[in-house]
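The residues making up each chain are set out below.
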Amino acid sequence: MRARFYDTLENQSVRCRLCAHTCLIRNGERGRCGVRENHAGVLKTRVYGRLVATHIDPVEKKPIFHLMPGSRSFSLATVGCNFRCCFCQNADIAQMPVDRLGMIPGTPTTPEHVVAVARDNYCASISYTYTEPTVFFEFAYDTAKLAHQAGLKNIFVTNGYMSGDALGAIHPFLDAANVDLKAFDTDFYKTRCGARLTPVLETLRRMKALDIWVEVTTLIIPGLNDDPQKLSGLAGFIANELGPETPWHVSRFHPAYHLTDRPATPTATLLQAREIGLTAGLKYVYTGNIPGQGGENTHCPECGKPVIVREGFRILSCQITDGRCRACKTPIHGIGMEWAACSG
């Protein structure tokens with residue numbers, strides 16, 4: 001299928017404008033993502049409808065904690081990614097085209113089928129996740145448009161490297177995004193991800209301006225991005241430029257892919273990061289991958305009482321009525337916080 005967002009150049013080369021890499025792709029070659037290929041000056045996507053992962057997840061697993069809490073989300077992915085994170089948690093599918101000589105497996109699927117399956121399974125949203133949804137933009141766009149018409153929410157779980165053109169095209173149908181802000185460090189992005197920090201920050205600002213609900217995730221890696229001063233800078237960016245109501249998820253790293261010489265993140269480091277976020281003025285800061293610490297609970301930003309108590313990705317109790325804290329009537333930020341699954 002013909003791809004979107006590219007310019008035709010001399011000698012049948014093309015310039016891809018889907019993401020911030022703006023790859024120059026010569027005839028017969030692919031871009032950095034490994035899934036967009038130049039056919040004699042026509043850029044084509046090799047992954048349209050070729051899904052390698054589908055699952056019905058709690059929306060909290062994305063993690064999205066402030067969109068219809070307790071609801072189901074139909075999750076999907078193709079292979080491919082425009083980052084080269086040495087710590088990739090889903091490298092078996094995200095890095096497959098690069099690591100396996102261009103391999104692009106997948107089960108042919110249509111947007112209509114995805115929306116039908118989501119509705120048949122009582123999902124409230126569709127999540128484009130597991131790999132980077134920007135690289136399968138054409139399929140995500142077509143699916144999101146149909147989902148929007150069917151009354152479903154759309155969620156991107158993304159590294160935030162999409163171009164302004166791509167975000168502008170999909171934003172009428174995109175309700176929420178969880179954006180990986182991997183570090184507040186340009187060198188980290190360059191050496192560990194093969195990318196740049198600035199375009200990610202620009203995407204976050206654009207999403208905020210377009211009124212897309214944003215939650216931010218940072219995987220805390222011992223010795224690489226856990227410096228308290230830099231975490232404070234990251235938290236300050238979220239609070240000051242995206243708004244203090246923006247949830248921040250600080251998540252535990254486990255050795256993976258090419259980064260196996262680091263230990264799992266100590267619990268104390270995550271708890272310290274949470275305190276850094278709260279000190280910066282963030283109203284909702286969560287710890288991930290360390291169950292039993294209470295870091296998955298949502299607290300009222302005014303009275304401090306837990307309004308949603310979670311265990312893993314399950315809601316155990318909810319003290320929200322009509323989107324407000326039951327105790328002090330303060331609104332709890334998000335989309336569909338009054339949803340039925342969160343009113344018991």
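Every value quoted in this text rests on a predicted model; they were computed, and no experiment measured them. (Residues numbered from 1 in each chain as written. Predicted model: local features only at pLDDT ≥ 70, side-chain atom pairs only at ≥ 80, totals over all residues. Heavy atoms only, no water.)

Undergrad: Hey, could you run me through the sheet that holds strand β2 (residues 14-16) in this one?
TA: Backbone hydrogen bonds hold the strands of a sheet together, and the pairing may be parallel or antiparallel. A sheet is described by the order of its strands in space; here three strands give the open sequence β1-β2-β3, paired in antiparallel fashion. Where the open sheet ends on each side, the last strands, each with one partner, are β1 (6-8) and β3 (24-25). For β1 and β2, the ladder comprises three bridges, and the chain directions are antiparallel. Bridged to Tyr 6 within β2 is Cys 16. (Pairing = 2+ DSSP bridges. Helix = DSSP H or I, 4+ residues; strand = E, 2+ residues; numbered from the N terminus.)

Undergrad: Looking at this model, I keep getting lost on the sheet that holds strand β10 (residues 125-128). Mind explaining?
TA: Taken in spatial order, the eight strands line up as β7-β8-β10-β11-β12-β13-β14-β15 in an open sheet, and their pairing is mixed. Edge positions in the sheet fall to β7 (53-58) and β15 (285-288), since each of these pairs with one other strand and no more. Put simply, the sheet's adjacent strands are angled 20° from each other on average, direction ignored. Two elements, β10 and strand β11 (residues 153-158), share four bridges in a ladder whose sense is parallel. Directly across from Ser 127, in β11, lies its bridge partner Ile 155. (Axes fitted to C-alpha atoms, helices over the stretch in contact; angles between N-to-C directions.)

Undergrad: Just checking my understanding: could you explain unusual backbone geometry for this structure?
TA: Trans peptide bonds make up most of the peptide bonds, and negative phi angles are found at most residues other than glycine. Note the cis peptide between Lys 62 and Pro 63, where omega equals -5°. Topologically, Pro 63 is positioned in the loop between β7 and β8 (72-77). Even without a glycine there, the phi angle at Asn 11 is positive, about 60°. Residue Asp 211 is not a glycine yet carries a positive backbone phi of 65°. Mapped onto the elements, Asp 211 comes out in the loop between α7 (197-209) and β13 (213-220). Judged by relative accessible area, which is 70%, Asp 211 ranks as exposed. (Buried < 20%, exposed > 50% of the residue type's maximum accessible area, 1.4 Å probe, protein only.)

Undergrad: Mind showing me how you'd approach the packing of helix α3 (residues 111-120) against helix α4 (residues 137-149) here?
TA: For any two helices packed against each other, the geometry comes down to the angle between their axes and how far apart the axes lie. Running from N to C, α3 and α4 cross one another at 45°; their axes reach a closest spacing of 9 Å. On the basis of their axis angle, the class for α3 and α4 is oblique. α3 and α4 meet at a crossing whose hand is right-handed. The residues of α4 that touch α3, namely those facing Pro 111, Glu 112, Val 114 and Val 115, are Phe 139, Asp 142, Thr 143, Leu 146 and Ala 147. When grouped by side-chain class, the residues that make up the contact of α3 with α4 number six nonpolar, one polar and two charged. (Parallel < 35°, antiparallel > 145°, perpendicular 65-115°, else oblique. Left-handed = near helix turned anticlockwise from the far one by under 90°. Contact = heavy atoms within 4.5 Å. Nonpolar A, V, L, I, M, F, W, Y, C, P; charged D, E, K, R; others polar.)

Purely spatial values, then, with no claim about function.
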